[in-house]
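In case you want the letters, here they are:
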Amino acid sequence: MSGVRVALLTVSDGCFHGQRTDESGRVLRDWCDTRGWAVVDQTVVPDETSAIVPRLLTWADRSGVQVVLTTGGTGLAPRDVTPEATAAVVERPAAGIAEALRRAGAQQTRYAPLSRGLVGVRGGCLIVNLPGSPAGVRDGLEVLEGFVDHAGRLIGGDTEHRAGSGA
């Protein structure tokens, strides 16, 4: 998928309040730049559903964004609410992608199954929750690399099966 419009959301109290540097957001941005994707917005919000949901809705419904990548807020801590906020927004869950992210992460760290990140579609937009650590983001992006282009074509309505595509 070339010319993809993407938005990046870091969910972190520490980054939002300037107590930590948004390293995971930087990893996301670098990956998108390498792919030639247009990052139309990159924002940091606190771990609050009331901050996450409106941002996801705006990007998916009104800005022509095709992919939203989030980082942070997917764990078991009381303020980790990114999955709940994402569930309130997506119209069609993509549980297989979330499972693939956790499965690949488990090969790198025993803590990967603690991530509750979700993936789903709203309209023509794929929303992916990634962990908050830079290493977790890199692991997740490596997984997405294998099929995000095909997923984007399917979401956009291109369901033609091509020879050699595995589809």
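So, here is what we can say about the structure in this document.

## Describing the pairing of strand β3 (residues 67-71)
A large share of β3 lies buried, amounting to five of its five residues. What you see with β3 is no split at all: Val67, Leu69 and Thr71 on one side and Val68 and Thr70 on the other are buried throughout. Examined bridge by bridge, strand β1 (residues 5-11) and β3 share five bridges and lie parallel to one another. Among the inter-strand pairings, Val6 is bridged to a residue of β3, identified as Val67.

## Details of the sheet that holds β3
The mixed open sheet is built from six strands, whose spatial order is β2-β1-β3-β6-β5-β4. The two strands at the open ends of the sheet, each matched to only one other strand, are β2 (38-45) and β4 (92-93). Examined bridge by bridge, β4 and strand β5 (residues 119-122) share two bridges and lie antiparallel to one another. Bridge pairing in β5 links Arg92 to Val121.

## Overview of the pairing of β5
If a strand is regular, its side chains alternate between the two faces of the sheet. The alternating pattern of β5 places Val119 and Val121 on one face and Gly120 and Arg122 on the opposite face, and all of these are buried. The pairing of β5 with strand β6 (residues 125-130) spans four bridges and is antiparallel. Looking at β6, one finds that Val119 is bridged to Val128. Once β5 ends, the chain turns through two residues before running back antiparallel as β6, passing Gly123 with a positive phi of about 60°.

What counts, and where the lines are drawn
Residues numbered from 1 in each chain as written. Predicted model: local features only at pLDDT ≥ 70, side-chain atom pairs only at ≥ 80, totals over all residues. Heavy atoms only, no water. Buried < 20%, exposed > 50% of the residue type's maximum accessible area, 1.4 Å probe, protein only. Helix = DSSP H or I, 4+ residues; strand = E, 2+ residues; numbered from the N terminus. Pairing = 2+ DSSP bridges.

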